[in-house]
Every structure is written in C-alpha cells, then in structure tokens.
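So the chains spell out like this:
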Amino acid sequence: MFIGREKEIQEIKELLNSDKMETALIYGRRRVGKTAIITEASKDCNLIVIHYECKKVSIDVNLEMITSLLINRLKLPQIKFDNFNAFFEYVFTLSETKKFALIIDEFSFLLEKDFAIESYLASAIDMHKEYSKIKLIISGSYVGLMQKMIEYGSHSYGRFNHILIIRPFDYYLSAKFYPNYSDEDKFIAYSVFGGLPYFNSLIDQNKSVEENIKNLVIKPDSILELELNQMILEETNRINNFNDAIRLIASGKTKQSDIASCLKNYGLNDPKYLLNKMQDMDIVEKYTPINEKNNKKKTFFRFKDNFFAFYFRYIALSPYSTMRVKPDYFYKTFIENDFKNNYLPRKFEDLSREFLLRINLLGKINPPLMDVGTYFFNDKKQKLNRQFDVVTLDENGYVSYECKYSDNKIDNKVIEEEIRQSKDLEIEFYKLGFISKNGFDKDVDKEKYNLFTLADFYK
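Treat the numbers as computed from the prediction; the structure is a model and nothing was measured.

(A) Layout of empty space enclosed by the protein. For the structure on display, the rule yields two cavities of 30 Å³ or more. Reported here for the largest cavity is a volume of approximately 60 Å³. Around the largest cavity sit Ser141, Tyr142, Val143, Gly144, Glu235, Ile239, Lys277, Asp280 and Met281, which together line it. Contributions of two or more residues to the lining of the largest cavity are made by helix H7 (143-148) and helix H15 (271-280). Classifying every residue of the lining of the largest cavity by side-chain character gives four nonpolar, two polar and three charged. Forming the boundary of the second largest cavity are Arg29, Arg30, Ser141, Met231, Glu234, Glu235, Arg238 and Met281.

Structure representation (structure tokens):
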C-alpha cells in the first residue's frame, strides 16, 4: 500500500498526461521517497517512460548507461554521444516527433562531477520549448545543488514549470506505517524513527517499539545506523564541518551564537551557510520565541529529525557504545530511564506543536492560529529566563498549553497550579490549554479550557 503524497502524485500524473512540454524539478533528502513517488505517479500513464537513476560513477559511464536505456525503451538504432550536451540536443529533438517521458533520478550525482551539465540542459529546454512535447523530470537528493538550479542567476532558473520539494512525513502520516500500534506506541515510534518513509517501512509492528529500537538502532551496525552514517558521510564530504555542527547541537549547544562561535573555532568562516543547509535538509530547525521574533539573541536550533535526535543522544555520543553488543542490557541501563522521564516528555511537547499546526490547517481551531511555538519570559522577581514550550497566537492573543506526558489524568489541581503561575508571572495569556497523554478528570471544565489528549492526535 502506498502511503500519502496524493498531491505530489497528482501533479506528476497531470504533467505526464499533458499535451505540451513539461519540466519538473523534484528534490529532498535521501530516503524521503522521491523515487517511489515518481514511480507511483508513472504507473498507467499513456506514454513511454524512460527512468534512469544516475550512479556514483564517471560522467562517461552514466552517459553510456542512460543512452543504452533510451535506445532500448524507444527501440532506436545504436548511437553514441560525446557528451551530455549532444545527448540532450538529441533527446529534445526526438521529442518533437516521439511521445515519451525522461526521468533522470539523482541528477545531483552528475552535477557534482560537472556542473556544466546544468547549462546543457537549460540550453536544450530553451532551444526546443516551442516544439518539444517531452515530459522531463529531474530529481536529486543533494538539496544544496538542486536548490542552486532554481536560484536566480543559475543556468536553469525559470526553466522548470513544476518544482516539488519532498519533505519527511509528519507524525500522523508516519503512523500509517504501523497502524496496529496503540496511540502511545505510535507516538513513541515517531519520536525515535521520525518521518522518513524508508525508516518507517522497516518497523515491524508485530514487535514492540522497544524491540524495534534494539534491532534497528542499538544493535551494532544496524541497518539504520549504517544509513545514518552514510548520510552524514555524504554531507560531510560536501559541506565542511557538517558533522561538527550535528554533534554541537546533540551535546546541548542550541543557541545560534554559541554554535556559530564553536564552528568558527573549528575553522569554518561561514557558519550561517552550514546551518541553512542543515535546515534545508530537514535535519535541524531554527526557532525564536513567538513573542521575540526579531530578537537575534534568542535564536536557537534543535533537531527537527527525531532519528538524529535519538541516535545522537543515546548512541553516537555515548561513552558506553562498546556495551551495545548486548542491546537488551544497553537499553535497560543507558536509555530506558532517561528515555521515559526526559526524552519522551520533551517529544510530547514537540508533537503537541505538530498536532496544533495540523488541526489548524484543517480548520479545526477557532479563531485560526497565526503562529505556534515557544514563548519567552524574563522573570524579574526570580531573576530567571523562562520559556513556555507550547504557545499559540491568534487574533485575540496568546494561549499557553501545558503538556503532560503522564499516566495520570490532568485534574483541577494541575489546572489551578498553571493559573497561579500565570498570575504570579503576570503574563497575559488570554486563555489556557492542556494536552494530556491520558485525558482529564470528569470535573475539569471542558468549555473554559482548550483540552486535547493523545487520542485526539490520531483521530
């Protein structure tokens, strides 16, 4: 069963069935599902599809392989090209009389070898745009290179009439990979494995989440560890100090100025460029409190990718990694307590923000939300800086949500304590909300407060 991506698949299907030339650029990080989306959209289309995935080999070898595929799919006579400039010229000329789609997957592998290939492609599009009927799809995983192709000043700027950025799934769509899990297990699985479709496809829902963590993450040289390390290795080779930045955030350096300072000490002259690229890859996200949007001193970074967050917290930076040969012992001794008491409660707050954004987009919050985030407050009485982790902004002002990841239901004592704290701090929240893992006591006023449970997340 194919999960999600209905909008992207529909757009690709429409361009494949168009009666004019169509050019699409599709990009997103490794394992996000780009190839699967293109393959699903290509099923049953009314034209010949030539789908070539570039290899990490020389330009000449890739040219020879894509030429061979073209000849076989279109039943052409043998032909050889000296370079990709000649290949594109031939293909676009051919498309004026033959109906077909050309899909070049992992195009960024070619750009890494020779960036002039982009100019060859752009020139072919320009030369044949009046008469060609080609359906051209260019896809790639190296987000930085692919983004350069659509930036102003690039050779191919303005040449693509479809641009699709493929993001990881949110918590709700990720849960469709393990529908038999309880709501809490769905939450825990997402908090560990994140939203990459490939990672989620490896989860065996006939086993507990804990067993999956041990098999897929903790076990030395597990499949997901190898995947993540390959991902990091590739980006480290492309972007200086990539691994350093990951480890800084994992070790607790979250303030932008602190991260930038450390990276400069490592010899990086432009930390901002690196941090921007990590955001483009959906690995980290930058945030400022919603009431301090223009305060650069309160700009922070955190992991947006849950798998990175889990792996670096418990595996990559662990001084006890040699003990992983016994996954059961390692989990019980070095993960279980912190995971339940610290990691999951924090992820419950993150998921609460995702949930509020999701139902807001569905039109299920009134008045509609203008922002969801954290709220900064300088407690002058206690001489402390405080942060409220889940706060929304609408036309009436701010609503603060207290999130409780606890086996106990929220009762009026919890609510009264939150009211007291808000009054003591003199914060102007016009309303309070509560999000509980296990619901509320029956005497809690459902009309007075915004109340949600973990069960609401998955309705």
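(B) Examining unusual backbone geometry more closely. Residue proline 367 follows asparagine 366 across a cis peptide bond; omega there is 0 degrees. Residue position: proline 367 is located in the loop between helix H17 (327-361) and strand S8 (371-379). Notably, arginine 31 is not glycine yet its phi reads approximately 70 degrees, a positive angle. Checked against the element boundaries, arginine 31 lands in the loop between strand S1 (22-27) and helix H2 (34-42). On the basis of relative accessible area, arginine 31 is assigned to the partly exposed category, the value being 33%. Within the chain, lysine 75 stands out as a residue other than glycine whose phi angle is a positive 55 degrees. Tracing the backbone through its elements, the reader meets lysine 75 in the loop between helix H3 (59-74) and helix H4 (84-94).

(C) A look at the pairing of strand S11 (residues 429-436). Most of S11 is tucked away, with six of its eight residues classed as buried. Of the pairings in the sheet, the one linking strand S10 (residues 397-404) to S11 comprises seven bridges and is parallel in character. By the bridge assignment, tyrosine 398 is partnered in S11 with phenylalanine 429.

(D) Highlighting the environment of isoleucine 12. Looking at where isoleucine 12 falls in the secondary structure, it is placed in helix H1 (residues 6-16). Taking the relative accessible area as the measure of exposure, isoleucine 12 reaches 0% and is therefore buried. Residues isoleucine 12 and phenylalanine 2 lie ten residues apart in sequence; the distance between their C-alpha atoms is 15 Å. Aside from chain neighbours lying at most four places away, what touches isoleucine 12 is Ile26, Ile37, Ile38, Ala41, Ile137 and Leu164.

(E) View of the packing of aromatic side chains. Under the counting rule described, the total for this entry stands at 41 aromatic pairs. Considering the side-chain rings of phenylalanine 87 and phenylalanine 88, the 5.6 Å spacing of their centres and the 65 degrees angle between planes classify their relative orientation as edge-to-face. Grouping residues by exposure puts phenylalanine 87 and phenylalanine 88 together as buried. Here the aromatic rings of phenylalanine 310 and tyrosine 343 are separated by 5.9 Å at their centres, their planes lie at 80 degrees, and the arrangement is edge-to-face. One end of the pair, phenylalanine 310, is in helix H16 (residues 306-316); the other, tyrosine 343, is in helix H17, and 33 residues separate them in sequence. Taken together, the ring pairs in this structure connect Tyr171, Tyr172, Phe187, Phe348, Phe355, Tyr401, Tyr405, Phe452, Phe457 and Tyr458 into an aromatic cluster. Directly above the ring of tyrosine 198 sits arginine 31, whose terminal nitrogen or CZ lies 3.9 Å from the centroid.

(F) Broad picture of the layout of surface pockets. Computed from the structure, the largest pocket encloses a volume of approximately 1200 Å³. Contributing to the lining of the largest pocket are 43 residues, with Pro168, Phe169, Asp170, Lys304 and Glu354 lying nearest its centre. Elements represented by at least two residues in the lining of the largest pocket include exactly H1, strand S5 (162-165), helix H8 (171-174), helix H9 (183-193), strand S6 (284-287), strand S7 (300-303), H17 and S8. Ranked by residues supplied to the lining of the largest pocket, first place goes to H17 with nine residues.

Quick notes on the rules
- Residues numbered from 1 in each chain as written.
- Predicted model: local features only at pLDDT ≥ 70, side-chain atom pairs only at ≥ 80, totals over all residues.
- Heavy atoms only, no water.
- 1 Å grid on protein atoms, 1.4 Å probe; cavity = no way out; pocket = protein on both sides within 12 Å on 5 of 7 lines; lining within 4 Å.
- Points joined across faces, edges and corners; volume = space filled by probe spheres on them.
- Helix = DSSP H or I, 4+ residues; strand = E, 2+ residues; numbered from the N terminus.
- Nonpolar A, V, L, I, M, F, W, Y, C, P; charged D, E, K, R; others polar.
- Buried < 20%, exposed > 50% of the residue type's maximum accessible area, 1.4 Å probe, protein only.
- Pairing = 2+ DSSP bridges.
- Contact = heavy atoms within 4.5 Å.
- Phe/Tyr/Trp six-rings, centres within 6.5 Å; stacked < 30°, edge-to-face > 60°.
- Lys NZ or Arg CZ within 6 Å of the ring centre and 35° of its normal.

Function-wise, these values are silent; they only describe arrangement.
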